[in-house]
Amino acid sequence: MQLDLNLLAALDALLEEGSVAGAADRLHVTAPAMSRSLGRIRRTTGDQILVRTGRTMTPTPYAIAVREQVHDLLQQVRGVLAPSRELDLATLERTFTLRWHDALVALGGPALLSAVREQAPGVRLRFIAESSIDTPELRRGEVDLAANADRPSAPEIHADRVAETAQVVVVRRGHPLTRVKIVTAARYAAAEHITVSRRGRLGNILDDALAGLDLTRRVVVTAPTESAAFEFARGSDLVVTAPESTARSAATDLGMVLLPLPLDLPPAPVYLSWHQRYDTDPAHMWLRDLARTALTGAVSGEGQTAR
């Protein structure tokens with residue numbers, strides 16, 4: 001059977017109005033058009049639906065029995081085909097899964113959670129760790145929102161560049177580089193380094209920049225997170241190169257020193273990424289706005305909340 005949803009609307013109007021003319025007026029069609037719709041409904045259901053009694057039309061027992069069901073079905077169809085874009089945050093209950101770089105969780109996560117709890121107390125956030133391999137959770141719908149320095153290449157993954165931050169050199173207090181007037185590229189390269197890599201990579205764009213100056217550095221260890229790298233460096237002469245936004249907390253909490261990076265590198269970007277299926281989802285749009293504000297404020301050092 002091929003279903004015509006227009007017949008559902010016509011049937012609802014006929015049962016509500018009890019006449020062809022009234023149903024036609026209600027749906028803004030001509031009486032002959034409504035008569036044709038009634039004929040099709042009769043052929044489809046095998047029931048007369050409305051029968052003439054004198055000058056009026058009387059619904060059949062079948063029509064009376066299905067009247068409320070027809071009305072409810074029509075409302076459900078309208079809800080599916082024309083969903084409401086109104087978002088009631090006070091009653092919203094939903095769990096969002098976020099896969100953010102660990103440093104961004106520490107930077108922007110608290111402000112995001114504060115704003116979410118204030119506006120939508122029924123919403124829960126699940127921050128999960130980034131993987132050491134490329135994973136398709138965004139594409140599969142297992143992750144709602146990702147945040148890191150990588151711009152997604154898949155066309156179905158949308159992204160906003162919400163912030164950027166310069167790279168700095170992070171060392172312990174009393175480190176030999178803190179005792180020179182200028183940290184040159186040669187002095188920087190001569191130090192022993194620790195890199196931050198979930199995959200354990202020893203090299204990155206810093207080595208390409210040094211190679212352009214005919215310099216090389218020695219990486220003696222890698223760490224999967226910046227916080228772990230800072231712990232290595234605070235008790236040794238190892239050098240960490242990290243985004244200034246995340247290094248600020250290390251300088252404050254761990255007594256580290258931030259020095260300018262003597263290389264000409266573009267600022268590190270921060271991308272907020274999601275699957276296109278969520279483009280027009282009101283709740284997801286609301287969360288994206290809060291996340292964008294939280295990350296932009298945290299990376300810029302303004303410390304603003306995501307309100």
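Before any of the text, the structure's been laid out above.
Bear in mind that the values here come from a model prediction, so they are computed numbers and not experimental data.

Criteria and thresholds
- Residues numbered from 1 in each chain as written.
- Predicted model: local features only at pLDDT ≥ 70, side-chain atom pairs only at ≥ 80, totals over all residues.
- Heavy atoms only, no water.
- Helix = DSSP H or I, 4+ residues; strand = E, 2+ residues; numbered from the N terminus.
- Expected span 1.5 Å × (residues − 1).
- Buried < 20%, exposed > 50% of the residue type's maximum accessible area, 1.4 Å probe, protein only.
- Contact = heavy atoms within 4.5 Å.
- Axes fitted to C-alpha atoms, helices over the stretch in contact; angles between N-to-C directions.
- Parallel < 35°, antiparallel > 145°, perpendicular 65-115°, else oblique.
- Left-handed = near helix turned anticlockwise from the far one by under 90°.
- Nonpolar A, V, L, I, M, F, W, Y, C, P; charged D, E, K, R; others polar.
- Core = buried A, V, L, I, M, F, W, Y, C linked by side-chain atoms within 4.5 Å.
- Pairing = 2+ DSSP bridges.
- Phe/Tyr/Trp six-rings, centres within 6.5 Å; stacked < 30°, edge-to-face > 60°.
- Lys NZ or Arg CZ within 6 Å of the ring centre and 35° of its normal.

A.B. asks: Tell me about helix α3 (residues 31–45), and name the residues and values.
C.D. replies: Counted at 1.5 Å a residue, the expected span for α3 with its 15 residues is 21 Å, and the 21 Å between its end C-alpha atoms agrees. Those residues of α3 not exposed but buried are M34, S37, L38, G39 and I41. At its buried positions, α3 is contacted by α1 (5–17) and α2 (20–27). At the exit of α3 stands G46, carrying a positive phi of roughly 75 degrees.

A.B. asks: How would you summarise the packing of α1 against α2 if you had to cite specific residues and measurements?
C.D. replies: Where α1 contacts α2, the axes come no closer than 8 Å and their chain directions differ by 125 degrees. In terms of orientation, α1 and α2 fall into the oblique class. Handedness of the crossing formed by α1 with α2: right-handed. Along the contact surface, α1 presents A9, A10, D12, A13, L14, E16 and E17, while α2 presents V20, G22, A23, R26 and L27. The residue makeup of the contact of α1 with α2, split by class, is 7 nonpolar, 1 polar and 4 charged.

A.B. asks: Break down unusual backbone geometry for me, citing the residues and quoting the values.
C.D. replies: The phi torsion of most residues other than glycine is negative, and most of the peptide bonds are trans. Of note in this structure, I49 is not a glycine but carries a positive phi near 65 degrees. Positionally, I49 belongs in the loop between α3 and β1 (50–53).

A.B. asks: Give me the lowdown on the nonpolar core, citing residues and values where you can.
C.D. replies: Core analysis: the largest hydrophobic core is formed by 29 residues, its most contacted members being W100, L112 and W286. For this core, the secondary-structure elements that each account for two or more residues are β3 (94–100), α5 (102–119), β4 (123–128), β5 (145–148), β6 (157–165), β12 (268–275) and α11 (282–300).

A.B. asks: How would you explain the environment of R36 if you had to name every residue and give the values?
C.D. replies: Secondary-structure assignment places R36 in helix α3. You can call R36 exposed: its relative accessible area is 55%.

A.B. asks: Residue-level account of the sheet that holds strand β7 (residues 167–172), with values.
C.D. replies: Strands sit in the order β9-β8-β10-β7-β11 across an open sheet of 5 strands; the sheet is mixed. Whereas interior strands pair on both sides, the edge strands pair on one side only; in this sheet they are β9 (218–223) and β11 (256–260). Between one strand axis and the next, the sheet turns through 35 degrees on average, direction left out of account. Here β7 pairs with β11 via 5 bridges, running antiparallel. Its bridge partner lying in β11, V169 is registered against L259. Most of the contacts of helix α9 (residues 226–234) go to strand β10 (residues 239–243), to which it runs at about 150 degrees, and overall it touches β7, β8 (192–196), β9, β10 and β11. Relative to the sheet, helix α10 (residues 244–253) contacts β7, β10 and β11, its axis offset from that of β10 by approximately 125 degrees.

A.B. asks: I'd love a proper account of the side chain of E137, names of residues and values included.
C.D. replies: Mapped onto the elements, E137 comes out in helix α6 (residues 137–140). In this structure E137 comes out as buried when scored by relative accessible area, which is 15%. Setting aside residues no more than four positions away along its own chain, E137 makes contact with R99, E142 and V143.

A.B. asks: Describe the packing of aromatic side chains, and please don't skip the residues or the numbers.
C.D. replies: In total, this model carries 1 aromatic pair according to the counting rule given. Residue placement shows R277 over the ring face of Y278; its charged tip is 5.8 Å from the ring centre. Above the face of the W274 ring, R288 is positioned so that its terminal group lies 4.3 Å from the ring centre.

It is worth stressing that arrangement in space is one thing and function is another; only the former is reported here.
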